[in-house]
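Coordinate analysis (summary)
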Amino acid sequence: MSRTSAPGIRLESVRRKSGGRIHLTPRVPKSGPVTTLCGQILDSSTYVEVEEAADCANCIRRSRDASRISSAFFEQEEGSELLRLSLEQARFRKPAPRDTPASAKPSARPVVVPPAPAVPDQVGELVTLGFKAAGNGVWRSPGGVVVRMAGKGKEKFAELVFDGAVVATRLDDGMRLRAGDVEVTNTAGDVQVRIKRS
Ligand SMILES: [Zn+2]
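Residues numbered from 1 in each chain as written. Predicted model: local features only at pLDDT ≥ 70, side-chain atom pairs only at ≥ 80, totals over all residues.

Focus: the overall build of the chain
The number of helices and strands found in the chain is 3 helices and 16 strands. Counting all 198 residues of the chain, 24% fall into the buried class. (Helix = DSSP H or I, 4+ residues; strand = E, 2+ residues; numbered from the N terminus. Buried ≥ 20, exposed ≤ 12 C-beta atoms within 10 Å, placed from the backbone.)

In structure tokens:
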């Protein structure tokens, strides 16, 4: 039912009950209308999710454009800021650099690397070790987990987005969530977000 188009983004196929082309959508809602990538809004009782590959040319073309997928998603429902960020990230992700060709001349000028700004060990509920700050309270782990902190000083855990394995475990006095290389624990109301200790 899902297939990959723009990197890291899964799409689903829908078709009108009356037949016709198979369209793509970022997500088939449990109920309510669905917005296709080609911009059609199908009312809740008029479409079905299908397993077959899409054959709507507009949908297929737009499936290669992460910003289109993002806007289709947001027309359909109010998504989180994080989803938007991960879509943007997918859009701008560049292929891994190749080895420098032998003909490339080394730069004559020394490369000036600005010192990284100092990051405190802990920002509220987040243990920053291993995370990269993406600005505005958003942090990224080496494993591709995106964490958004909110509140005053961006010190409170708000959201986590990860396209991969997630395990939630009940603890005596709370819960632990492991998503990729990130661990969120909530014990007796104390929340901590950190890179998982191996
Ligand atoms: Zn379509």
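Description of the confidence of the model for the chain
In regions of low pLDDT, the predicted coordinates are not meant to be interpreted in detail. Of the residues in the chain, 73% have a pLDDT of 70 or more, and the chain-wide mean is 81. Confidence over residues 1–5 falls short of pLDDT 50; this stretch has 12 contacts with residues more than four positions distant or in other chains. (pLDDT = per-residue confidence, 0-100. Contact = placed C-beta atoms within 7 Å.)

Looking at the nonpolar core
Grouped together as the largest cluster of nonpolar side chains are 14 residues, with contacts concentrated most on L126, W139, V145, V147, V182 and V193. Of all the elements in the fold, those that place two or more residues in this core are β10 (138–140), β11 (146–150) and β15 (182–187). What W139 contacts, discounting residues up to four positions off in sequence, is L126, F131, K132, A133, A134, V147 and M149. Ranked by size, the runner-up nonpolar core spans 11 residues in total, among them C38, C56, A66 and A72. (Core = buried A, V, L, I, M, F, W, Y, C linked by C-beta atoms within 7 Å.)

Quick notes on the sheet that holds β11
Read from one edge of the open sheet, 4 strands run β9-β10-β11-β12, paired in antiparallel fashion. What marks the edges here is a single partner per strand, and that holds for β9 (132–135) and β12 (156–161). The sheet shows a mean angle of 30° between the axes of neighbouring strands, taken without regard to direction. Sheet analysis places β11 next to β12, joined by 5 bridges and oriented antiparallel. Residue pairing across strands places M149 opposite F157, the latter belonging to β12. (Pairing = 2+ DSSP bridges. Axes fitted to C-alpha atoms, helices over the stretch in contact; angles between N-to-C directions.)

Overview of the environment of N186
Locating N186 in the fold gives a position in strand β15. C-alpha of N186 to C-alpha of G174: the two residues are 12 residues apart in sequence and 5.3 Å apart in space. Beyond its immediate stretch of four places on either side in the chain, N186 contacts G174, M175 and V191.

Quick notes on unusual backbone geometry
Positive phi, normally seen in glycine, also occurs at N136, with a value near 55°. As for its position among the elements, N136 is in the loop between β9 and β10. Judged by local crowding, N136 falls into the exposed class, with 11 C-beta atoms found within 10 Å. The phi dihedral of A188 is positive, around 50°, even though this residue is not glycine.

What to know about the pairing of strand β3 (residues 22–25)
For strand β2 (residues 10–16) and β3, the ladder comprises 4 bridges, and the chain directions are antiparallel. By the bridge assignment, S13 is partnered in β3 with L24.

Notes on the environment of G20
With respect to the helices and strands, the residue G20 is situated in the loop between β2 and β3. Classification of G20 as exposed rests on a count of 11 C-beta atoms within 10 Å. Once the C-alpha coordinates of G20 and D55 are considered, the two residues, 35 residues apart in sequence, prove to be 9.3 Å apart.

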